[in-house]
Amino acid sequence: MSRIGRMPIAIPAGVTVEVAENNKVTVKGPKGTLERVLPAEMEIKVEGAEVLVSRPNDLKKMKSLHGLTRTLIHNMVVGVTDGFEKKLEVNGVGYRASKSGKVLTLNLGYSHPVEMTDPEGIETVMEGQNVIIVKGIDKEKVGQFAAEIRDKRRPEPYKGKGIKYADETIRRKVGKTGKK
């Protein structure tokens, strides 16, 4: 039995969870509203102040969908109450990031500055000149936009220059050594 799928999801005060036909789950909370259509085979019930997810049978596909469905609903509940955030660090001489309005401008050693506009529901905040915080209520969108920012200049293994996640460790390599 799926340990994660079995756990009930507690609904905090001020949050409403509605399940429509075709398992369309709508979660409303203080930070906003999230909607998602979940696998139709799963049975999602709202009982009192918790959500329960159950599966029809023990086929491998159902087992894998069970934990996934529960986690997706849980992430929606956490998103509308606390929100999600990812921290990115810009490392390197002359590498900078700045924010004006909804446009994030990155100077990453290219001949031109890279400009990125915040997608809907996502906000980027600068902390100093080299820390970018991506915030939002949808975990998937926050992670996706953070990955797109990181892709503009991935960290390289020799000097560690580039954009990395705050909790990421870069595998360092030793440079070449001169002839004797």
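Draft legend 1. Geometry of the environment of Tyr95. By the secondary structure assignment, Tyr95 is in the loop between β7 (84-91) and β8 (96-100). Measuring from C-alpha to C-alpha, the distance between Tyr95 and Gln129 comes to 8.9 Å, with 34 residues separating the pair along the chain. Those residues in contact with Tyr95 that lie beyond four places of it in its chain are Val90, Asn107, Leu108, Gly109, Arg153, Lys161 and Gly162.

Draft legend 2. Just the sheet that holds strand β5 (residues 43-47), in detail. A sheet is described by the order of its strands in space; here three strands give the open sequence β1-β6-β5, paired in antiparallel fashion. Strands at the two margins of the open sheet, each flanked by one partner only, are β1 (9-10) and β5. The strands that helix α2 (residues 60-81) touches are β1, β5 and β6 (50-54); relative to β6, the one it contacts most, it runs at about 160°.

Draft legend 3. Just the pairing of strand β4 (residues 32-37), in detail. With six bridges connecting them, strand β3 (residues 24-29) and β4 associate as antiparallel partners. Directly across from Lys24, in β4, lies its bridge partner Val37.

Draft legend 4. Examining helix α3 (residues 139-151) more closely. Look at α3: 18 Å from first C-alpha to last across 13 residues, which is about the 18 Å you get at 1.5 Å a residue. Of the residues making up α3, those classed as buried are Val142, Phe145, Ala146, Ile149 and Arg150. Buried residues of α3 fall within an arc of 145° about the axis and therefore sit on the same side. Tucked into the core, α3 has its buried residues touching β7, β9 (103-107), β10 (114-117), β11 (122-127), β12 (131-136) and β13 (162-165). Where α3 starts, the residue carrying a side-chain oxygen 3.1 Å from the main-chain nitrogen of Glu140 turns out to be Asp138.

Cut-offs applied
Numbering of residues starts from 1 in each chain and follows the order in which that chain's sequence is written. Given that this is a predicted model, residues contribute local features only at a pLDDT of at least 70 and side-chain atom pairs are listed and counted only at 80 or more, while totals for whole chains, interfaces and linings are drawn from all residues. With hydrogens and water excluded, all non-hydrogen atoms of the structure serve as input to the side-chain values. Strands here mean DSSP runs of E at least two residues long; helices mean DSSP runs of H or I at least four residues long; both are numbered from the N terminus. Between two residues, a contact is recorded if the distance between any of their heavy atoms is within 4.5 Å. The pairing criterion for strands is at least two bridges between them, as found by DSSP. Here an angle of 0 to 180 degrees is reported between the N-to-C directions of two axes, which are lines fitted to C-alpha atoms, with helices fitted over the stretch in contact. Helices are assigned an expected span. That span is 1.5 Å times one less than the residue count. Accessible area is worked out with a 1.4 Å probe on protein chains only. A residue is then buried under 20% of its type maximum, exposed over 50%, and partly exposed in between. Here the arc refers to the directions that run from the helix axis out to each C-beta atom. Polar contacts here mean pairs of N or O atoms no more than 3.5 Å apart (in protein, one a potential hydrogen donor and the other a potential acceptor; neighbouring residues in sequence count only if both atoms are side-chain atoms).

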